[in-house]
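A closer look at the structure
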Amino acid sequence: MAGELRRINIKEIVNYNENPRHAIAMGEKDTLKKLFESVGNQYMLNLAEDIKNYGLLGNQQLVVVYFDEIKKYIVYEGNRRVAAIKLLINPTYFDFLDKATRDKAEKISNQLINPIQEVLCYVTDEKEAFFIMERLHSGEDKGRGVKAWNAREKEAFKVRQSDQKSVAYLIDYYVKKHCDNFDITSIMPYTTIQRIFGNKEIKENIGLDLADENTFTEHKMKLIVNVAREIEESAKNEGVSVTRLFNRARQIEDKVLPLIEDYINDRITQTQDGKYEQAEEQERKQTETVKEEGNKKEISNEQNSEKLVNTSDEIYTNSVKNDILQQTSAGSIKNLPYFFLGINYSHLNPNDVDTHGIAEVCSELRYFSEKKLVDKLPIAAVFLIRSAIEQAIIYYSKKHCIQGQNKLIWENIRSISKLSKIIENYNRNLPNYITNTEMRKYFTALFDDYEKKVDPLNWVVHRPAEFQLDTITLVELPKRGLLTLVNYLIAE
């Protein structure tokens, strides 16, 4: 049955007594009572006040089904809204509510200038009504359902409406800008970033000023990444969540300020007022020394490494290489997260047949990164990088459908045994496989020419004595977009 839009008097609509939000009810009043108990009285009052102020949203009609036996419509989608409207029209009917809630409801009702008599409804049959209910309330469902905004997306919306930026928004933006698109939320949640680095003492100690975005410098962003990782590690060691360990302002200040001071002592010189400035000359000399050593090491592998790191200038910048060159094999200079330390695989189930492969690779990449083993075990590092590329693509292919088709990408590549052919298939069908424009750019920049970009890894795998990539090149590769792409491919 094709539904139709119709304006219906609210008196002709009854609430659905088998609403999944609550136990099955007997009669209209019992249905309303159970709905209020399930949702919460204050939440229902908030909804009623919102409807009083702004009316119903124009893009979401109530979904109702007419039942001839009762000569009324039953609302399948929009039960809270219908109940809130009924509360506005006749608060005294809701005698099951406590006095305080009824008093608040009456106050809101008395402020209603034009009582709602009719509502626009989508009238259909029960089968379609159930389908709509499931689609709207079953989560994202691999793109088929409604996807709620996360904290970062909510903040982006606010900024685009009012241009008022929070500390978390600016840190997220400038960490990506200065650290080659590194995602700081792979270390800690967006809201936790705001709670910790939005603390007045922490902001002042680092030298962040919301009114001046120039204060969100490269070195300060690297400081924040380093401190965020220390925070995450300390919470892990104590066996509690970051939000619990760093809950109150005093706790944050007592625990985070020493971490900032430790980092500052490694990279800057103190000034008289307790603030800091970069020891630019000292750092320049360190950089030049390491560059010289790196250049000597690169000569013997020049042809291979150039093929591997020759990625698109449109996405990557030369400043990244300077940052990587500052990292000695001993890790004495705190800088960008080392190797694949930012890989986010906590949601992967090692026992799931579709995820155990990538989960194991991610686990070893993380271990390699934490122990800084690339310099000691470069061949093993190459094996892991190549495996991460292959396993991440396979995982993504098993979880996502081809654009516009009810068919998994996996069906197109499951019979392909070579990584080169899998990537070739992806390159041919990229817009239909990866809908995210930025991620397509990363994929193209990394893999558009397999022989130049990925084959050097195969050369090391098959002929390690003859072809070996230097540590700098291997450590740099994740920062050139591979880490970001892998995190995207294995995301929930």
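Quantities reported herein were computed from a predicted structural model and do not represent experimental measurements.

1. Remarks on the environment of Tyr173
Within the secondary structure layout, Tyr173 lies in helix H7 (residues 167-178). Given the relative accessible area of 43%, Tyr173 is considered partly exposed. A sequence separation of 43 residues divides Tyr173 from Phe216, and the C-alpha atoms of the two residues are 9.5 Å apart.

2. Focus on the confidence of the model for the protein
Chain-level pLDDT for the protein is 79 on average; 78% of the residues reach the 70-or-more range. For the protein, helix H15 (residues 319-325) is the element with the lowest average pLDDT, namely 34, and strand E2 (residues 13-15) is the one with the highest, namely 96. Across residues 268-291, where pLDDT falls below 50, the model places 31 contacts with residues more than four positions away in sequence or in other chains. Segment residues 293-335: pLDDT under 50, and 84 contacts once partners within four positions in sequence are set aside and those in other chains are kept.

3. Regarding the pairing of strand E4 (residues 72-77)
Most of E4 is tucked away, with five of its six residues classed as buried. When E2 meets E4, the two strands line up parallel, connected through three bridges. Bridge pairing in E4 places Val14 opposite Ile74. Pairing of strand E3 (residues 62-67) with E4 involves five bridges; the strand directions are antiparallel. What sits directly across from Val65, in E4, is Ile74.

4. Side note on helix H5 (residues 126-137)
End to end, H5 covers 16 Å across 12 residues, agreeing with the expected 16 Å (1.5 Å per residue, within 8%). If you check which residues of H5 are buried, you get Ala129, Ile132 and Met133. For H5, the arc enclosing every buried residue in end-on projection is 100 degrees, short of the 170-degree limit, so these residues lie on one face. Opposite the buried face of H5, at more than 90 degrees from it, the exposed residues are Lys127 and Glu134. Looking at the buried positions of H5, the neighbouring elements they touch are E3, E4 and strand E5 (118-123). Looking one or two places after H5, you find Gly139, whose phi comes out positive at around 80 degrees.

5. Section: the nonpolar core
Core analysis: the largest hydrophobic core is formed by 87 residues, its most contacted members being Ile171, Phe197 and Tyr426. Take this core: its biggest share by element is 11 residues, from helix H17 (residues 378-399). Aside from chain neighbours lying at most four places away, what touches Tyr426 is Ile393, Tyr396, Ser397, Ile409, Ile413, Tyr433, Ile434 and Phe443. Grouped together as the second largest cluster of nonpolar side chains are 31 residues, Ile10, Leu32, Leu62 and Ala105 included.

6. Some words on the packing of H7 against helix H8 (residues 190-197)
The N-to-C vectors of H7 and H8 enclose an angle of 110 degrees; their axes lie 8 Å apart at closest approach. Taken as axis vectors, H7 and H8 run roughly perpendicular relative to one another. H8 is crossed by H7, and the crossing has right-handed handedness. Here Val167, Ala168, Tyr169, Ile171 and Asp172 of H7 come into contact with H8, specifically with Tyr190, Ile193, Gln194 and Phe197.

7. Concerning the packing of helix H19 (residues 419-433) against helix H20 (residues 437-447)
When two helices pack together, their arrangement is captured by the angle between the axes and the distance separating the axes. Running from N to C, H19 and H20 cross one another at 145 degrees; their axes reach a closest spacing of 11 Å. In this structure, H19 crosses over H20, and the sense of that crossing is left-handed. Here H19 contributes Ile423, Tyr426, Asn427, Leu430 and Pro431 to the contact with H20, which in turn contributes Arg440, Phe443, Thr444 and Phe447. Residue composition of the contact of H19 with H20, by class: six nonpolar, two polar and one charged.

Parameters at a glance
Position labels on residues start from 1 in each chain and follow its written sequence. For a predicted model such as this one, the threshold for reporting local features is a pLDDT of at least 70, and the threshold for listing and counting side-chain atom pairs is 80 or more; totals across whole chains, interfaces and linings nevertheless cover every residue. Water and hydrogen atoms play no part in the side-chain values, which are based on all heavy atoms of the structure. Secondary structure elements are defined from DSSP: runs of H or I of at least 4 residues count as helices, runs of E of at least 2 residues count as strands, and each element is numbered from the N terminus. The cut-offs for exposure are 20% and 50% of the maximum accessible area for each residue type, with area from a 1.4 Å probe on protein chains only; residues under the lower value are buried, those over the upper are exposed, and the others partly exposed. Each residue gets a pLDDT score, which is the predictor's confidence in that residue and runs from 0 to 100. Note on contacts: a residue pair is in contact if any heavy atoms of the two residues lie within 4.5 Å. Pairing between strands is defined by DSSP: at least two bridges between the two strands are required. What a helix should span is 1.5 Å times the count of its residues minus one. What the arc covers is the set of directions going from the helix axis to the C-beta atoms. The nonpolar core is taken to be a set of buried Ala, Val, Leu, Ile, Met, Phe, Trp, Tyr and Cys residues, with the residues joined through side-chain atoms within 4.5 Å. Simply put, an axis is a line fit to the C-alpha atoms, just over the touching stretch for a helix, and the angle between two N-to-C directions goes from 0 to 180 degrees. Orientation categories follow fixed angle ranges, with anything under 35 degrees roughly parallel, anything over 145 roughly antiparallel, 65 to 115 roughly perpendicular, and all other angles oblique. Left-handed describes a crossing whose near helix is turned anticlockwise from the far helix through less than a right angle; right-handed describes the clockwise counterpart. When residues are grouped by polarity, Ala, Val, Leu, Ile, Met, Phe, Trp, Tyr, Cys and Pro land in nonpolar, Asp, Glu, Lys and Arg in charged, and all others, Gly among them, in polar.

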